[in-house]
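Notes for the structure review
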Amino acid sequence: MDFNVKKFASDAGIFFTRAIQFTGEKFGQVEKTELDAHFENLLSRADSTKNWTEKIFRQTEVLLQPNPSSRIEEFLYEKLDRTVPSRPNNEELLGHYMQDAAKDFGPGTPYGSTLIKVGDCERRLGSVQREFLQTSAISFLTPLRNFLEGDWRTISKERRLLENRRLDLDSCKARLKKAKLAESKAAAVPDFQETRPRNYVLSASASALWSEEVDKAEHELRVAQTEFDRQAEVTRLLLEGISSTHVNHLRCLHEFVEAQTAYYKQCHLHMQDLQKELDRFPNAFAGNPGHSMASGGSSPMDPASAVETDTLKIEEVQAPATGTRKAKVLYDYDAADTSELSLLADELITVYTVPGMDSDWLVGERGNQKGKVPVTYLELLS
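Residues numbered from 1 in each chain as written. Predicted model: local features only at pLDDT ≥ 70, side-chain atom pairs only at ≥ 80, totals over all residues. Heavy atoms only, no water.

The name given to the protein chain in an unreviewed UniProt entry is Endophilin-B1, with the source organism recorded as Hucho hucho. According to its UniProt record, the protein chain has this under Subunit (unreviewed entry): "Homodimer, and heterodimer with SH3GLB1." Its UniProt record gives the protein chain a comment under Sequence similarities (unreviewed entry), which states: "Belongs to the endophilin family." (UniProt positions renumbered as here; feature names shortened; annotations may be inferred.)

Put into structure tokens, the structure is as follows:
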């Protein structure tokens, strides 16, 4: 290995000089070159852009892939420049399980046939989600990542270089100031009556040496100033490019919203189609909880009695002078038609029976509202 001792010593000296300047600035012992207000605003805007872009990028990753293990796996495959293995997502896996269960239960049964249709819908939803994730990753996540890993790294590198140039510039200013102070002391006219000739000669030599040191320091300052100005201009151009970054991210944000809109729209359409298919099935569970109990045979309400009560016109029923009772509702109940009264758990209503009504039903009143209510949903209080 070719090791350059002189270069190493020079770099070490520069680093040491910068460290002294930086420490002196922190303790307020030396002067510091301040950047103009416009430049400081550009720096602040760039830092804010980086911080918020990073937060948005991380949270979008969580939104698109909630599983942290999967995110780590995708990150490792990306760093290894390998393709992530294709695996079914949660919706596709659920649909697959439902269809397998239907085969086991019997595809000709109501439960089995419904599982097949719901499972097929879940698999379609999984396919739509997969397309949405791919589109979002390309149109939104990738531009944000490119900024953080590309443009921002370049900006950070140039900012560090600018800071080093500023430290070099301020070190040169301090060195020139020190050299001029020493030169002025050495150039002071000695008192010939009290100063020996030999000392006078030495003083003149020192003055000449310090004059050379001042010239050298002024040259170094001019070089440092030139390098600082050049680096400041490069950094300024990069920082002003943040505006273009905002425009690019705005376009990507619009594309992300469009992808989300298309995704949710397709999901909604698939669910609507599924609901229509399920509505065409003769399903005893399509109604409210009261009807589900009737279909299961656990409730005394049977279809025959329901038909008999339909012949009653509830609006014509009048409460008897005696025989009305208060009842507490045990469960929520959704009215199946206009002849029934919807109920809310824990509310109190007035109930009574009328001739011709099945014993499993009562007429309930709540203020001006009136309708049939199932006895099994009530606790009679008095």
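Now that the structure has been shown, we can carry on.
Before going further, it helps to examine helix α4 (residues 90-105). Here α4 spans 22 Å end to end across 16 residues, near enough to the 22 Å set by a 1.5 Å rise per residue. Listing the buried residues of α4 in full gives Glu92, Gly95, Met98, Gln99 and Ala102. The arc that holds every buried residue of α4, seen down its axis, measures 125 degrees, which confines them to one face. Away from its buried face by more than 90 degrees, α4 exposes Asn90, Tyr97 and Asp104. Contact partners of the buried residues in α4: α5 (110-186). Phi for Gly106, located one or two positions after α4, is positive at around 110 degrees. (Helix = DSSP H or I, 4+ residues; strand = E, 2+ residues; numbered from the N terminus. Expected span 1.5 Å × (residues − 1). Buried < 20%, exposed > 50% of the residue type's maximum accessible area, 1.4 Å probe, protein only. Arc of directions from axis to C-beta. Contact = heavy atoms within 4.5 Å.)

Between two aromatic rings, the relevant description is the distance of the centres plus the angle of the planes. Tallied over the full model, the rule gives 8 aromatic pairs. Geometrically, the ring pair formed by Phe132 and Tyr263 is stacked, given 4.7 Å between the ring centres and 10 degrees between the ring planes. Taken together, the residues Phe132 in helix α5 and Tyr263 in helix α7 (residues 242-279) connect sequence positions 131 residues apart. Here Phe132 falls in the buried class, since its relative accessible area comes to 9%. On the basis of relative accessibility, which here comes to 12%, the residue Tyr263 falls in the buried class. Members of the aromatic cluster, each reached through a chain of ring pairs, are Phe132, Phe140, Phe256, Tyr263 and Tyr264. For Lys55, the ring lying beneath its charged end belongs to Trp52, and the centroid distance is 4.6 Å. One Lys or Arg, Lys372, reaches over the ring of Trp361 and ends 5.4 Å from the middle of that ring. (Phe/Tyr/Trp six-rings, centres within 6.5 Å; stacked < 30°, edge-to-face > 60°. Lys NZ or Arg CZ within 6 Å of the ring centre and 35° of its normal.)

Attention shifts here to the nonpolar core. Within the largest apolar cluster, 40 residues are counted, with the highest numbers of intra-cluster contacts made by Phe132 and Leu239. Going through the elements one at a time, α2 (37-64), α4, α5, α6 (197-240) and α7 are the ones with two or more residues in this core. With 18 residues, α5 is the single largest residue contributor to this core. If we ignore the near neighbours within four places in the chain, the residues touching Leu239 are Phe39, Leu42, Leu43, Ala46 and Ile155. Tyr352, Met357, Trp361 and Tyr377 belong to the second largest nonpolar core, which has 17 residues in total. (Core = buried A, V, L, I, M, F, W, Y, C linked by side-chain atoms within 4.5 Å.)

In terms of strand pairing, strand β2 (residues 348-352) meets strand β3 (residues 361-366) through 3 bridges, oriented antiparallel. Bridge pairing in β3 places Tyr352 opposite Val363. As paired strands, β3 and strand β4 (residues 369-374) are joined by 6 bridges and run antiparallel to one another. Each bridged residue has a counterpart across the sheet, and for Gly364 the counterpart in β4 is Gly371. A loop of 2 residues connects β3 with β4, the two strands running antiparallel in sequence, and Gly367 in this loop sits at a positive phi of about 65 degrees. (Pairing = 2+ DSSP bridges.)

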